[in-house]
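Coordinates in review
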Amino acid sequence: MRLTKEISNGILIFFGISFFFLMMELFGFSKIIYLRILNAAIIYYGVRCTLKSNFKDDETGYVTNLISAGLTAFIGVFLSILGLTGYLYLQGGDDYVGQLSGEFIFGGNPTANQYLLGLFFEGIASAVIVVFIAMQLWRNKTSSSD
């Protein structure tokens, strides 16, 4: 069975974000909230791979590519949150969340579930922004080649 490009690139996003998170943990940078901005670059890479594949296959419709890119980004974010859920609970759940970045969306001391929910919304928001930016870049790239 062949995976669709949206699923395979969503899995690519998941592995990229997972690797980035584990490297931040390994080097002790997980408390630096601003480094999470780099997750958007990983999402962009996966979305770009999907769009590149679509255009290679002559799928040039804006809405089709928007849905394809959005699905790719959503799958990547969803899988990343699932992976992080397992990791957080293996590390101690609420106690481990207390060791992570203190400057969080909820402030104070979020529970593991609040932390995950906040990261899910943050991930979806960044995915939407990345998808629209990627679509504009690809639209400009393909329209200038006409």
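One structure accompanies this document, and this report is about it.

Scoring rules and cut-offs
- Residues numbered from 1 in each chain as written.
- Predicted model: local features only at pLDDT ≥ 70, side-chain atom pairs only at ≥ 80, totals over all residues.
- Heavy atoms only, no water.
- Helix = DSSP H or I, 4+ residues; strand = E, 2+ residues; numbered from the N terminus.
- Buried < 20%, exposed > 50% of the residue type's maximum accessible area, 1.4 Å probe, protein only.
- Contact = heavy atoms within 4.5 Å.
- Phe/Tyr/Trp six-rings, centres within 6.5 Å; stacked < 30°, edge-to-face > 60°.

**Some remarks on the environment of Met135**
In this fold, Met135 is placed in helix H5 (residues 112-144). The class for Met135 is buried, based on a relative accessible area of 3%. Other than its neighbours up to four places away in sequence, Met135 contacts Leu51, Tyr62, Asn65, Leu66 and Ala69.

**A word on the packing of aromatic side chains**
What the rule picks out here adds up to 6 aromatic pairs. Plain terms: the ring middles of Phe55 and Trp138 are 5.3 Å apart, the flat faces sit at 10 degrees to each other, and that makes the pair stacked. Here Trp138 lies in helix H5 and Phe55 lies in helix H2 (residues 38-56), a separation of 83 residues in the sequence. Taking the relative accessible area as the measure of exposure, Phe55 reaches 18% and is therefore buried. Taking the relative accessible area as the measure of exposure, Trp138 reaches 9% and is therefore buried. When the centroid spacing of 6.3 Å and the interplanar angle of 80 degrees are considered together, the rings of Phe74 and Phe120 count as edge-to-face.

That is the geometry; function is a separate question.
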